[in-house]
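Each chain is listed here by its residues.
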Amino acid sequence: MNGDLGDFLRSRRARLQPEEVGLPSHGRRRVPGLRREEVAQLAGVSVDYYIRLEQGRGPSVSDAVLDAVARVLRLDETERAYLHAVAHPRRQTERPTRPRVRPAVQLMIDAMDRTPAFVLDRRMTVLAWNPLADAVFGYSGTTAKARSIPRHVFLDPAARDFYPDWQAVAAQSVAHLRVLAGHHQDDRELTSLVGELSLKSEHFRRLWADHQVKECAYGVKRLQHPVAGLLVFPYETLTIPGDGHQTLLVYTPEPGSETAERLALLGSWASSPTR
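In this text, all values refer to a predicted model and were calculated from it rather than measured experimentally.

Chemist: Let's hear about the pattern of salt bridges: which residues, and what values?
Modeler: Under the criterion given, the structure shown has 18 salt bridges. Close ionic contact of glutamate 38 with arginine 35 constitutes a salt bridge, the shortest N to O distance being 3.7 Å. A relative accessible area of 9% places glutamate 38 in the buried class. The exposure class assigned to arginine 35 is partly exposed, which follows from its relative accessible area of 32%. For lysine 200, the salt bridge identified is with glutamate 196, shortest N-O distance 3.2 Å. Taken together, the residues span about one helical turn, with lysine 200 and glutamate 196 both in helix α11 (residues 188-200) at a distance of four residues. Judged by its relative accessible area of 55%, lysine 200 falls in the exposed class. The network of salt bridges with shared partners includes Asp121, Arg122, Arg123, Asp187 and Glu189.

Set out below in structure tokens:
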């Protein structure tokens, strides 16, 4: 177990008040949230056992205990899965390889002629894209490092103009990156990415220290394109089976919307030989 487990448990204790879990508050407290002994009592374990759990120096913890702690701390499904992942890290048994997108997957997204679509790896780097995604994001001719979504959000000054809701996008990116880091603790490139962003971005450091955990599976994204103007996309993510944790991300504009019209014009402009 690493320090992430203890930090995560402490952050979740701090957000709960005693009265929320049926305990008396006994007046003002020196630190916010539940005490360790209160979590231990409610989870049905000894105080010493829970302290060793937070400090990462105890024996391998059982799933039953983790589920009990998750119940006390009122973790949602994503947070519960993250807790199990950081408590029971999986060790990589084979040498990592550079992820590749199957040709059939590339054909599939190329056939999506009305929606930007692209494939992400487990480090949130764009591996493949269709022409409309290229027209919106400009992936052609860029390096893999430049196609890293977290690097773009936190290290590219233009990102704050490109994402009108930059603060929300930044928080979502970090919360999702923490999910990935929890499930792939042996991924050196992912660890290096977190280290790089922590060194270069104060905003990233603050968000990372907050230990928010959330998967960005669907939602609405607003983009301020320099040519097309404001684009509003509902998006969905789908896991591609059998390809090393690759994810298909599809931005689908509402039919008849301004975004759909602007996207059609942007696609025509991008494909023009006189561009």
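There's more to say after this.
Chemist: How would you explain the packing of helix α10 (residues 166-183) against helix α12 (residues 202-209) if you had to name every residue and give the values?
Modeler: In the contact formed by α10 and α12, the axes pass within 10 Å of each other and the chain directions differ by 55°. On the basis of their axis angle, the class for α10 and α12 is oblique. For the crossing formed where α10 meets α12, the hand is right-handed. In this structure, α10 contributes Trp166, Gln167, Ala170, Ala171, Val174, Leu177, Arg178 and Ala181 to the contact, and α12 contributes His203, Phe204, Leu207 and Trp208. Its residues assigned to classes, the contact of α10 with α12 comprises nine nonpolar, two polar and one charged.

Reading the values: the criteria
By convention here, each chain's residues receive numbers from 1 onward along its written sequence. For this predicted model, a pLDDT threshold of at least 70 governs which residues receive local features, and a threshold of 80 or more governs which side-chain atom pairs are given and counted, while totals over whole chains, interfaces and linings are taken from all residues. The side-chain values count all of the structure's non-hydrogen atoms but skip hydrogen atoms and water molecules. The term salt bridge refers to a pairing of a side-chain nitrogen on Lys or Arg with a carboxyl oxygen on Asp or Glu at a separation within 4 Å. Burial here depends on accessible area, computed with a 1.4 Å probe over protein chains only, as a share of the maximum for the residue type. Under 20% is buried, over 50% is exposed, and the range in between is partly exposed. Secondary structure follows DSSP: runs of H or I at least 4 residues long count as helices, runs of E at least 2 residues long count as strands, and numbering of each begins at the N terminus. Inter-axis angles, ranging from 0 to 180 degrees, are taken between N-to-C directions of lines fitted to C-alpha atoms, where helices are fitted over the stretch in contact. Any angle from 65 to 115 degrees is called roughly perpendicular, while one under 35 is roughly parallel, one over 145 is roughly antiparallel, and all others are oblique. In a left-handed crossing the near helix is turned counterclockwise from the far helix by less than a right angle, and in a right-handed crossing that turn is clockwise. Here, residues are in contact when the closest pair of their heavy atoms is within 4.5 Å. Only Asp, Glu, Lys and Arg are considered charged in this grouping, and only Ala, Val, Leu, Ile, Met, Phe, Trp, Tyr, Cys and Pro are considered nonpolar; every other residue, Gly among them, is considered polar.

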